[in-house]
Every structure is written in structure tokens, then in C-alpha cells.
Amino acid sequence: MMMNGFDMIPEMMKQLPKGVFLTVGKGEEANPMTIGWALSGIIWGKPVMMVAVRYSRHTYGLMDKTETFTVSVPQFGELQKELNFCGTKSGRDFDKFAETDLTPQPAKSVEQMVVKEAKYHYECKVIYRQSMDPANLDEGIKEKFYESKHDYHVFFIGEIVNEYEG
Ligand SMILES: Cc1cc2nc3c(=O)[nH]c(=O)nc-3n(C[C@H](O)[C@H](O)[C@H](O)COP(=O)(O)O)c2cc1C
């Protein structure tokens, strides 16, 4: 079912603390990673989704060589086992689609996969990417999230080019 504008955003924000799937990688490389942080809104006159990926993630390497990604949102409270697997295991060590009951389904408007078993899908085209500058970061947040590892996030702003329930 096609949706309009930001219809699915409240569902996504409700599910976000439990995790949603960020999927990147063409063909066999397709790798779903659980994310708990994301923003959605309008910038440059476009509806956008921003995701934050640490350098250490396998997903970061995949993001580095692509212009597109997808975000798949489970029905609230579902796919918890799969979210846990994709949020603790790396695509470097596991083919996460093969190891879980999740199925890669070709996206409609970008050359990526979505997670078939999820309820809502966003297909995004990266229009801006920005490494964090620690000099601009709140000290409390730096201590809490980065002090020990210095493994900063890179912010990717994707224009939402397609969104649907399916
Ligand atoms: C609920 C939850 C939310 C997470 N959110 C993020 C996130 O927003 N950004 C991030 O870089 N990692 C996040 N992670 C950690 C990654 O999902 C985890 O390190 C994963 O194993 C990386 O997979 P990859 O190496 O295949 O990319 C989250 C993990 C969980 C369990």
C-alpha cells in the first residue's frame, strides 16, 4: 500500500527504541543492521531520513560506497529476535539474511534490498553525509557515548524517494 508524506513516521518513532533495520549493500552484500537512532523531517525542500552509523560498523563500509539505503520498520514489538541478531552480529562475520528468517526483497526505487518481513519501508538516496566533529560535541554526550572508543558516528541524510507499507 502506498503511503503519503510522513504517514508512517509515528509508527517508526514508536518502534525506534526497539530497533528498525537499516539495509545497505548490493546483491549478495546486502546487510541488515539494527538502528535505534534516526531523524525524519524536511530539508532543502525534501522529505528526508537521517541515520547515524559508527565507523566500526560493517554497514559503514557499505554506506561509504553507495548512494542509497533502505530503512525497514517492523510491526511494533515484532521481529525482536532478528533485531537483536542484526544489532549484535556483524555482516563481516555473518550473512545475516541467511542466519535469520529475514528475507531480502528488492527495493522499488533504489538498487538495494528491504527486509520483507517488516511492515513499513523507506527507500532513500543519500544527499548529504557528515562525519561528526568532536570539537562541536556536548561534553556530556562525548563522555557518555564516545570517551572510551572515539568511534564517532557519521550522519547520512537520505532523501526519501519511496515509502510504503508492504
Ligand atoms: C537497539 C539497537 C540500536 C542500535 N542503533 C545503532 C545505530 O543507530 N547506529 C549504529 O551505528 N549502530 C547501532 N547499533 C549497533 C549495531 O546494530 C551493531 O553494532 C551491529 O552488529 C553492526 O552490524 P554490521 O557490522 O553488520 O554493520 C544498535 C544496536 C541495537 C541492538
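Further up the page is the structure itself.
A. Representation of empty space enclosed by the protein in the model. For the coordinates displayed, the defined rule picks out one cavity of 30 Å³ or more. Contributing to the lining of the largest cavity are Glu 11, Gln 15, Pro 74, Gln 75, Phe 76, Lys 119 and Tyr 120.

B. Quick look at the site of the ligand. Among the 19 residues in the neighbourhood of the ligand, the closest are listed as Thr 34, Ala 52, Thr 59, Ser 90 and Gly 91. The contact in question runs from a nitrogen atom of the ligand to an N or O atom on the backbone of Ala 52, over 2.8 Å. Contact with the protein chains removes 82% of the 650 Å² of surface that the ligand exposes when unbound. Among the detected pockets, the ligand sits in the largest pocket. Where the shell around the ligand is concerned, the elements lending two or more residues are strand E2 (31-35), strand E4 (46-54) and helix H2 (58-64).

C. Fine view of the sheet that holds strand E3 (residues 38-43). Spatially, seven strands are ordered E2-E1-E5-E8-E9-E4-E3 in an open sheet, and the strand pairing comes out antiparallel. Looking along the sheet, the strands with just one partner apiece sit at the ends: E2 and E3. Each strand of the sheet is rotated relative to its neighbour by a mean of 35°, with strand direction disregarded. Pairing of strand E5 (residues 68-73) with strand E8 (residues 120-131), which is carried by six bridges, proceeds in the antiparallel orientation. Counted as the bridge partner of Val 73 is Tyr 120 from E8.

D. Region of the structure containing the nonpolar core. In terms of nonpolar packing, the biggest core is built from 26 residues, with Met 12, Leu 22, Met 49, Val 51, Phe 69, Val 71 and Tyr 122 touching the most fellow members. Listed by contribution, the elements that provide at least two residues to this core are helix H1 (9-15), strand E1 (20-24), E2, E4, H2, E5, E8 and strand E9 (153-165). At four residues, E8 tops the list of elements feeding residues into this core. Every residue in contact with Tyr 122, bar those within four places of it in the chain, is listed here: Met 8, Ile 9, Met 12, Met 49, Phe 69, Thr 70, Val 71, Val 73, Ile 160, Asn 162 and Glu 163. If you look at the next biggest cluster of nonpolar residues, it comprises ten residues, including Ala 30, Cys 86, Phe 97 and Ala 118.

E. Layout of the pairing of E2. Most of E2 is tucked away, with five of its five residues classed as buried. Side chains of E2 alternate between two faces, with Asn 31, Met 33 and Ile 35 and Pro 32 and Thr 34 buried alike.

F. Focus on the packing of aromatic side chains. Applying the stated criterion across every chain, the model contains seven aromatic pairs. Considering the side-chain rings of Trp 44 and Tyr 128, the 6.0 Å spacing of their centres and the 65° angle between planes classify their relative orientation as edge-to-face. Of the two residues, Trp 44 is situated in the loop between E3 and E4 and Tyr 128 in strand E8; the sequence distance between them amounts to 84 residues. Note on Tyr 146 and Tyr 152: the rings are 4.7 Å apart at their centroids and 25° apart in plane angle, and the pair reads as stacked. Taking the relative accessible area as the measure of exposure, Tyr 146 reaches 3% and is therefore buried.

G. Quick peek at the layout of surface pockets. Taken as a whole, the largest pocket encloses approximately 210 Å³ of empty space. Lining the largest pocket are 15 residues, with Met 33, Arg 57, Cys 86, Gly 87 and Lys 89 positioned closest to its centre. Secondary-structure elements contributing two or more residues to the lining of the largest pocket are E2 and H2. Ranked by residues supplied to the lining of the largest pocket, first place goes to E2 with three residues. Residues that form the lining of the largest pocket fall into these classes: two nonpolar, nine polar and four charged.

Calculation notes
- Every residue gets a number counted from 1 within its own chain, in the order that chain's sequence is written.
- Under the rules for a predicted model, residues below a pLDDT of 70 receive no local features and side-chain atom pairs below 80 are neither given nor counted, while totals for whole chains, interfaces and linings still include all residues.
- Values shown for side chains rest on all heavy atoms present in the structure; no hydrogens or waters enter the calculation.
- Throughout, the protein atoms alone are placed on a 1 Å grid, and a set of points is a cavity if a 1.4 Å probe fits but cannot get out or a pocket if it is open with protein on both sides within 12 Å along at least five of seven lines; lining residues have an atom within 4 Å of a point.
- Grid points are joined across faces, edges and corners, and a volume is the space filled by probe spheres set on the points.
- Here a residue is considered near a molecule or strand provided that any single heavy atom belonging to it is located within 4 Å of it.
- The term polar contact refers here to a pair of N or O atoms within 3.5 Å; inside protein, the definition further demands a hydrogen-donor-capable atom paired with an acceptor-capable atom, and it admits residues adjacent in sequence only when both atoms are side-chain atoms.
- Here the open area of atoms and residues is found with the Shrake-Rupley method and a 1.4 Å probe, where only the protein chains shown may cover a residue.
- Whether a molecule sits in a cavity or pocket is decided by its atoms, more than half of which must lie within 2 Å of the grid points.
- Helical segments are the DSSP runs of H or I of at least four residues, strand segments are the runs of E of at least two, and each set is numbered from the N terminus.
- For two strands to be treated as a pair, DSSP must find at least two bridges joining them.
- Axis definition: a line fitted to C-alpha atoms, limited for helices to the stretch in contact. Angles are taken between N-to-C directions and run from 0 to 180 degrees.
- The nonpolar core is taken to be a set of buried Ala, Val, Leu, Ile, Met, Phe, Trp, Tyr and Cys residues, with the residues joined through side-chain atoms within 4.5 Å.
- Exposure is judged per residue with a 1.4 Å probe applied to protein chains only, and the accessible area is read against the type maximum: over 50% gives exposed, under 20% gives buried, and values in between give partly exposed.
- The contact criterion used throughout is that any non-hydrogen atoms of two residues lie within 4.5 Å.
- For this analysis, a ring pair means two rings from Phe, Tyr or Trp (six-membered ring only for Trp) whose centres lie within 6.5 Å, classed as stacked if their planes differ by under 30 degrees, edge-to-face if by over 60, and tilted for the remaining angles.
- For this classification, the nonpolar set comprises Ala, Val, Leu, Ile, Met, Phe, Trp, Tyr, Cys and Pro, the charged set comprises Asp, Glu, Lys and Arg, and every other residue, Gly included, is treated as polar.

Worth remembering: the numbers are spatial, not functional.
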